[in-house]
Amino acid sequence: MGADKSSGKLKKIPYYPGCSLKTKSKDFEKSAVAAARILGIELIELPKWNCCGTVFSLAQDDLMHHVAPLRNLLRVQEMNEAGLLEGENRLLTICPMCFNTLKKANQRMRDNPADLETINTFMDAEQDYQGEVEVIHLLELLKERGVAEIKAKVKIPLTALKVAPYYGCMLLRPKDIAIDDPEDPTIQEELLAAIGAQVVENPYKKVCCGSYQTVRNKYTVADLTYDILTHAKKAGAEMITTSCPLCAFNLDDRQKEVTEKYPDFEGIPVCCISQLMLLAFGVNRGGDGFELNYVDPRPLLKRKNLLSGADLKTGAK
Amino acid sequence: MKKISITSDNYEFLEKVKQLSGEPITLCDQCGTCAGSCPMISEMDISPSEMLRLVQLGQEEVLDTKAMWLCASCFTCTVRCPRGLDLSKIAEALRQITLRKAVDQIDIKLISEEELSRLPQIALVSACRKFTG
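Keep in mind that what you see is a predicted model, and the values were worked out from it rather than measured.

### Looking at the overall build of chain B
- What chain B contains, in helices and strands, is 8 helices and 0 strands.
- Here the C-alpha atoms of chain B give a radius of gyration of 16 Å, agreeing with the 14 Å that 2.2 N^0.38 yields for 133 residues.
- Classification of the 133 residues of chain B by burial places 40% in the buried group.
- Considering only contacts within chain B whose residues lie at least 6 apart along the sequence, 68% involve residues at least 24 apart.

### Section: the overall build of chain A
- Helix and strand counts for chain A stand at 13 helices and 8 strands.
- In terms of overall dimensions, chain A is globule-like: its C-alpha atoms have a radius of gyration of 20 Å, near the 20 Å expected for 317 residues.
- Seen through its C-alpha atoms, chain A measures out along the principal axes to roughly 65 × 50 × 30 Å.
- Classification of the 317 residues of chain A by burial places 47% in the buried group.

### Details of the interface of chain B and chain A
- In this assembly, 34 residues from chain B lie in contact with 35 residues from chain A.
- Every element with two or more residues in the side of chain B that touches chain A is listed here: α1 (8-21), α5 (76-80), α6 (87-99) and α8 (121-131) of chain B.
- Take the side of chain B that touches chain A: its biggest share by element is 10 residues, from α8 of chain B.
- A per-class count over the side of chain B that touches chain A returns 17 nonpolar, 11 polar and 6 charged.

### Some remarks on the confidence of the model for chain B
- Taken residue by residue, chain B gives an average pLDDT of 96. The fraction at 70 or more is 100%.
- Predicted complex, confidence summary: ipTM 0.96, pTM 0.95.

### A few points about helix α9 (residues 218-234) of chain A
All names here are of chain A.
- Counted at 1.5 Å a residue, the expected span for α9 with its 17 residues is 24 Å, and the 24 Å between its end C-alpha atoms agrees.
- Turning to α9, its buried residues are Val221, Ala222, Asp223, Leu224, Thr225, Ile228, Leu229 and Ala232.
- Summarising the contacts, the buried residues of α9 are in contact with β5 (162-165), α8 (213-216), β7 (239-241), α10 (245-253) and α11 (255-261).
- Taken from the residues just after α9, Gly236 is the one with a positive phi, measuring 105 degrees.

### A few points about the domain arrangement of chain A
Residues and elements named next belong to chain A.
- For chain A, the assigned domains read domain 1 (11-138) and domain 2 (146-303).
- For domain 1 and domain 2, the distance between their C-alpha centres works out to 25 Å.
- Taken together, the 24 residues of domain 1 in the interface contact 23 residues of domain 2.
- Elements that contribute at least two residues to the side of domain 1 that touches domain 2 include exactly α1 (26-38) and α3 (96-111).
- Broken down by element, the side of domain 1 that touches domain 2 gets its largest block of residues, 9 residues, from α1.
- Classifying every residue of the side of domain 1 that touches domain 2 gives 12 nonpolar, 6 polar and 6 charged.

### Describing the packing of α1 of chain B against α6 of chain B
Residues and elements named next belong to chain B.
- Relative orientation of the contacting elements α1 and α6 amounts to 115 degrees, with a least axis distance of 8 Å. Classified by chirality, the crossing of α6 by α1 is right-handed. Contacts between α1 and α6 pair Val17, Leu20 and Ser21 from the former with Lys89, Ile90, Glu92, Ala93, Leu94 and Gln96 from the latter.
- In the contact of α1 with α6, the residues fall into 5 nonpolar, 2 polar and 2 charged.

### As for the domain arrangement of chain B
Residues and elements named next belong to chain B.
- Here the domain parsing of chain B yields domain 1 (8-101) and domain 2 (105-133).
- Taken together, the contacts link 4 residues of domain 1 with 4 residues of domain 2.
- Residue composition of the side of domain 1 that touches domain 2, by class: 2 nonpolar, no polar and 2 charged.

### Topic: the pairing of strand β1 (residues 11-16) of chain A
Residue and element names in this part refer to chain A.
- Here β1 runs beside strand β2 (residues 41-45); their pairing, made up of 5 bridges, is parallel. Paired with Lys11 across the strands is Ile41, a residue of β2.
- Following the chain from β1 across α1 to the adjacent parallel β2, one finds a crossover that is right-handed.
- Sheet analysis places β1 next to strand β3 (residues 90-93), joined by 2 bridges and oriented parallel. Within β3, the residue paired with Tyr16 across the bridge is Thr93.

### Details of the sheet that holds β2 of chain A
Residues and elements named next belong to chain A.
- Sheet architecture is open: 4 strands sit in the order β2-β1-β3-β4, paired in parallel fashion. Of all strands in the sheet, those bounded by a partner on one side alone are β2 and β4 (134-137). Strand-to-strand twist in this sheet, taken as the mean axis angle between neighbours without regard to direction, amounts to 40 degrees.
- Sheet contacts for α3: β1, β3 and β4; angle to β4, the most-contacted strand, approximately 160 degrees.

### Some words on unusual backbone geometry
Residue and element names in this part refer to chain A.
- Arg173 connects to Pro174 through a cis peptide bond whose omega is -10 degrees.
- Along the polypeptide, Pro174 turns up in the loop between β5 and α7 (187-194).
- At Lys48, a position not held by glycine, the phi torsion is positive, near 50 degrees.
- Following the sequence through the fold, Lys48 ends up in the loop between β2 and α2 (67-81).

### Topic: the sheet that holds strand β8 (residues 270-271) of chain A
Residue and element names in this part refer to chain A.
- Across the sheet, which stays open at both edges, the 4 strands sit in the order β6-β5-β7-β8 with parallel pairing between neighbours. Each edge of the open sheet carries a strand with a single partner, namely β6 (198-199) and β8.
- Taken strand by strand, α7 contacts β5, β6 and β7, and its axis lies near 160 degrees from that of β5.

### Overview of the environment of Leu70 of chain B
- With respect to the helices and strands, Leu70 of chain B occurs in helix α4 (residues 67-70).
- Separated by 32 residues in sequence, Leu70 of chain B and Cys38 of chain B have C-alpha atoms that sit 10 Å apart.
- Beyond its immediate sequence surroundings of up to four residues, Leu70 of chain B is in contact with Gln213 of chain A together with Met40, Glu43 and Met44 of chain B.

Definitions and cut-offs
- Residues numbered from 1 in each chain as written.
- Chains lettered and ligands numbered in written order.
- Predicted model: local features only at pLDDT ≥ 70, side-chain atom pairs only at ≥ 80, totals over all residues.
- Helix = DSSP H or I, 4+ residues; strand = E, 2+ residues; numbered from the N terminus.
- Rg over C-alpha atoms; globule rule 2.2 N^0.38 Å.
- Buried ≥ 20, exposed ≤ 12 C-beta atoms within 10 Å, placed from the backbone.
- Contact = placed C-beta atoms within 7 Å.
- Nonpolar A, V, L, I, M, F, W, Y, C, P; charged D, E, K, R; others polar.
- pLDDT = per-residue confidence, 0-100.
- Expected span 1.5 Å × (residues − 1).
- Domains from an automatic or database assignment.
- Axes fitted to C-alpha atoms, helices over the stretch in contact; angles between N-to-C directions.
- Left-handed = near helix turned anticlockwise from the far one by under 90°.
- Pairing = 2+ DSSP bridges.
- Right-handed = clockwise from strand over helix to strand, strands pointing away.

Structure, rendered in C-alpha cells:
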C-alpha cells in the first residue's frame, strides 16, 4: 500500500469525470468533489482518462466500442500498481451515462473472457486488463458513507425545501447494473432526508427524459419533460434533483421548448444532489454554480433562506 | 389484412437480427408489456411489440419504420419483459443493419450554432453513436 502523506485521514477514491463534467456541467463535478471531501473522501481525478463513448455498445459483434471504457478501467489498475491508492479497486463515476457504459463494458469482459482476450491483444501498447476494477456511482458512495455521517455534517437543514428526486434510466437499468431497485429506487430519498429536505414522491421519477433524442426530436423530449415536471409540481415539488448531465439538460434547458409548446407552464429548477448537500453543509452560501442552470434556483433558495442573500439569523424573508 | 408468406429470405433476416442482438427473439409471446412501458410509444408508428412480431416473421419492412429510431435505449421494456428479452438490443440490431449501410439519421452540420452551443457533449456523442454509422 502506498504511503498517504498528502491528505491526512481522507479516503482516496479515483473518479472518472467524462466529457460533460468538464464542460457544460462543471457544477456537478465541483460540488461532488467538495461534498465528498467534507465526508472524508478525497476524489482523485483518473489520470489520462478518455471518453467512455457515452452509450454501452449493444450489438453483439461490436467489440471496438468497448476499448474506450476498458482503457479507463486500466488506469485504475495502473494507479493501484503504482501504489497511489490504498487497495481501492473502485472507480467512481458522477455521470450516470459514464457509469452505465463503464459498468456494462466491465461486466461484458468479465462474463466473456474471450472478448477480454481479444481486446487485450488489440490494445498492444497497454498492459492486460485483469477485470478487477469495480465501477460505482457517487450516490452509492454517499449511501455507503452513511445517513448518520451525512446528518452529522448538516449545519443548515433544508427543511423548507420540497424536492422531487428524478432518477432517469442509466443508474437503474438494465437490472444487472442497477444501484437500487429499478422499479422503486429510494437512494436519493434517503440522502435528501439526511440533509433535512422534504422529499416529494414523483411517479415519473424513473420515466425516461428522452436522452439523446434531444438532438433529433427536441419537441418530443419537451413533451416528456413536461410530463415529468408537471407530475412533480402537482405533487408539491419546488425543485428536482438529478445525477445526470443529460437528464439535467432535458429537464432544465428544454423548459425553453416546453414553454413554447405550453405557454402556461411555469418553470421549476433542476440541480444535482451534491449541490444541495453543500448548501446543507453550510458551504457555498453564495450559490456558486447555480448560474449554469437554465431555470435559476437562486430566487427559490433565497426565499427559503438557504443562500446568504437572506437574513439567516431571524429566518425572515 | 396483409397476407404474409414466409420464405428462406425471411428466416435469414430473423437470424441476422438474432445474431446481432444475441436475443432469442422467437420467445416473445406478444403480451404487450413493452408497448405499455415505452415512454416514446405516442410518437411511434408501430409499437415495440409489433416491431418484435415483424422481426419474428422476418419482415424486412420493419427497417422502414420510425419506431426503432425513437427508441432511446432507456431499458424500461428490458427490465419488464416477462420473457426476459432485451428489446433494447433488438432495436439496436435493427438500427445497426441500416447504419452499417452508411445511412445516417442525423447530420450534425444541419444543427444550428445556437443549438450546438446549448447541447451537452454527452447528448451529441450519444446521438452520433446511435444515429450515424
